[in-house]
Amino acid sequence: MPKMKTHRGAAKRFSLTASGRVKRSKAFASHILTKKTTKRKRTLRKSTLVHSANESAIKRLIPYL
């Protein structure tokens, strides 16, 4: 059986935590920031975990990370 290939787009967007959960960064923080509140922009800087419903699909895309 050949090696699985890592989905490079997913590898740049997701990483695994020590416990095996999938970590992601939040969207809507790159531009058009003037209308967003300071509190909202501060919250968007933090990373969060992927929802459990999508976790197995993403783990299939990044098998070796």
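Everything numeric in this text was worked out from a predicted model, so none of it was measured.

Caption draft 1: Broad picture of the pairing of strand β2 (residues 22-25). Relative to β2, strand β1 (residues 14-16) runs antiparallel, the two being bridged by three bridges. By the bridge assignment, phenylalanine 14 is partnered in β2 with arginine 24. Hairpin geometry of β1 and β2 is characterised by an intervening segment of five residues between the two adjacent antiparallel strands and by a positive phi of about 95° at glycine 20.

Caption draft 2: Focus on a positive patch on the surface. On the surface, Lys39, Arg42, Arg45 and Lys46 cluster together into a positively charged patch. Summarising the element assignment, lysine 46 is placed in the loop between α2 (38-45) and β3 (47-49). Of the residues examined, lysine 46 reaches a relative accessible area of 53% and is grouped as exposed.

Caption draft 3: Structural view of the sheet that holds β3. The strand order across the open sheet formed by three strands is β1-β2-β3, and the pairing between neighbours is antiparallel. Edge positions in the sheet fall to β1 and β3, since each has one partner strand and no second. Between one strand axis and the next, the sheet turns by 35° as a mean value, whatever way the strands run. Relative to β3, β2 runs antiparallel, the two sharing three bridges. Paired with serine 25 across the two strands is serine 47, which belongs to β3.

Procedures and definitions
Residues numbered from 1 in each chain as written. Predicted model: local features only at pLDDT ≥ 70, side-chain atom pairs only at ≥ 80, totals over all residues. Heavy atoms only, no water. Pairing = 2+ DSSP bridges. Helix = DSSP H or I, 4+ residues; strand = E, 2+ residues; numbered from the N terminus. Patch = residues over 30% accessible without salt bridge, like charges linked within 9 Å, V, L, I, M, F, W, Y side chains within 5 Å. Areas by Shrake-Rupley, 256 points an atom, 1.4 Å probe, with all protein chains shown as cover. Salt bridge = Lys/Arg side-chain N within 4 Å of Asp/Glu carboxyl O. Lys, Arg positive; Asp, Glu negative; His and termini not counted. Charge placed at Lys NZ, Arg CZ, Asp CG, Glu CD. Buried < 20%, exposed > 50% of the residue type's maximum accessible area, 1.4 Å probe, protein only. Axes fitted to C-alpha atoms, helices over the stretch in contact; angles between N-to-C directions.

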